[in-house]
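# Structural overview
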Amino acid sequence: QVQLVESGGGLVQAGGSLRLSCAASGRTLSSYGMGWFRQAPGKEREFVAAISWNGGSTYYADSVKGRFTISRDNAKNTVYLQMNSLKPEDTAVYYCATDPTGWGSSRTPARYTLWGQGTQVTVSS
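Residues numbered from 1 in each chain as written. Predicted model: local features only at pLDDT ≥ 70, side-chain atom pairs only at ≥ 80, totals over all residues. Heavy atoms only, no water.

## So, the overall build of the chain
Worth spelling out the cut-off: Secondary structure elements follow DSSP: runs of H or I no shorter than four residues count as helices, runs of E no shorter than two count as strands, and numbering proceeds from the N terminus. Between the two quantities, the radius of gyration covers C-alpha atoms and the globule rule is 2.2 Å times the number of residues to the power 0.38. For every residue, the accessible area obtained with a 1.4 Å probe (protein chains only) is divided by the maximum for its type, and the residue is called buried under 20%, exposed over 50%, and partly exposed between those limits. Note on contacts: a residue pair is in contact if any heavy atoms of the two residues lie within 4.5 Å. Each accessible area is a Shrake-Rupley estimate made with a 1.4 Å probe; only the visible protein chains count as cover when residues are assessed. Positive charges are assigned to Lys and Arg, negative charges to Asp and Glu, while His and the chain termini are left out of the count. By convention, the point assigned to a charge is CZ for Arg, NZ for Lys, CD for Glu and CG for Asp.
The number of helices and strands found in the chain is zero helices and 10 strands. Its helices and strands in sequence order give the chain the pattern β-β-β-β-β-β-β-β-β-β, from N to C terminus. For a compact globule of 125 residues, the expected C-alpha radius of gyration is about 14 Å, and the chain comes in at 13 Å, within 12% of that figure. Its C-alpha atoms put the chain at 40 × 30 × 25 Å along the principal axes. Buried positions account for 45% of the 125 residues belonging to the chain. A separation of at least 24 residues holds for 59% of the contacts in the chain among residues at least 6 apart in sequence. Put simply, the chain shows about 6,100 Å² of open surface, and 48% of that area lies on carbon and sulfur atoms. Distance between charge centres in the chain, computed from 12 positive and 8 negative side chains, equals 3 Å.

## Re the packing of aromatic side chains
Put simply, the test is: Pairing of aromatic rings covers Phe, Tyr and Trp, the last counted by its six-membered ring, and requires centre-to-centre distances within 6.5 Å; plane angles under 30 degrees mean stacked, over 60 mean edge-to-face, and any other angle means tilted. Counted as over-ring charges are cases with an Arg CZ or a Lys NZ within 6 Å of the ring centre that also lie within 35 degrees of the ring normal.
If you walk through the whole model with that rule in mind, you get five aromatic pairs. Here the aromatic rings of Phe-37 and Tyr-112 are separated by 5.0 Å at their centres, their planes lie at 75°, and the arrangement is edge-to-face. In this pair, Phe-37 sits in strand E4 (residues 33–39) while Tyr-112 sits in the loop between strand E9 (92–99) and strand E10 (119–124), placing the two residues 75 residues apart along the sequence. Considered together, Phe-37 and Tyr-112 belong to a single accessibility category, that of buried residues. Within the aromatic cluster, the residues linked to one another by ring pairs are Phe-37, Phe-47, Tyr-95, Tyr-112 and Trp-115. Above the ring of Tyr-95, the side-chain terminus of Arg-45 is found at 3.9 Å from the ring centroid.

## Things to note about the sheet that holds strand E8 (residues 78–83)
Short version of the rule: When DSSP finds two or more bridges between a pair of strands, those strands are recorded as paired. All axes are obtained by fitting lines to C-alpha atoms, using only the stretch in contact for helices, and the reported angles, taken between N-to-C directions, cover 0 to 180 degrees.
Spatially, the four strands line up as an open sheet ordered E1-E3-E8-E7, and their pairing is antiparallel. Either end of the sheet is taken by a strand with one partner, and the two such strands are strand E1 (3–7) and strand E7 (68–73). The mean angle between the axes of side-by-side strands here comes to 15°, regardless of whether they run parallel or antiparallel. Here strand E3 (residues 18–25) runs beside E8; their pairing, made up of six bridges, is antiparallel. Note that in E8 the partner of Cys-22 across the bridge is Val-79.

## Considerations on the pairing of E1
Of the two faces of E1, the one holding Leu-4 and Glu-6 is buried and the one holding Gln-3, Val-5 and Ser-7 is not buried anywhere. The pairing of E1 with E3 spans five bridges and is antiparallel. Paired with Gln-3 across the two strands is Ser-25, which belongs to E3.

## Some points on unusual backbone geometry
Positive phi, close to 55°, is recorded for Asn-77, a residue that is not glycine. Mapped onto the fold, Asn-77 is located in the loop between E7 and E8.

## As for the environment of Gln-82
Just so we agree on the cut-off: Counting of polar contacts relies on pairs of N or O atoms within 3.5 Å, with two restrictions inside protein: one atom must be capable of donating a hydrogen and the other of accepting it, and residues adjacent in sequence are counted only when both atoms are side-chain atoms.
Along the chain, Gln-82 falls in strand E8. For Gln-82, a relative accessible area of 27% puts it in the partly exposed group. For the pair Gln-82 and Arg-19, spaced 63 residues apart in sequence, the C-alpha separation works out to 4.4 Å. Setting aside residues up to four positions removed in sequence, Gln-82 forms contacts with Ser-17, Leu-18, Arg-19, Arg-67, Phe-68 and Thr-69. Here Asn-84 takes part through its side chain, which lies 2.9 Å from a polar atom of the side chain of Gln-82.

## Observations regarding the side chain of Ser-21
Positionally, Ser-21 belongs in strand E3. Ser-21 gets classed as buried once you look at its relative accessible area, which sits at 16%.

Here it is in structure tokens:
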């Protein structure tokens, strides 16, 4: 059974850092674009960052540009989201997802096919 499992979330003070990981089992991620999304209570799921199948292209929401970095290690079948200078408004459940086109350029959740269960990130002020 194919699964994506996110980890690395937690409680951090504003200005702090976290690194999220998304590991796959049952399938290699090397041909997939990958995206990170987040959803805060009462809000819609929103795009955070995405990366192409080979890591050559990355995309960011304006709200996280310059603070977050998406990367991948295809040998480890894992995608990462390094989050620095965290703000209380970054508080949300963070999800990773696969983009079957490989390009990782879509910001629309519906274009992503396989999702992890999410990891909670809470930033205190």
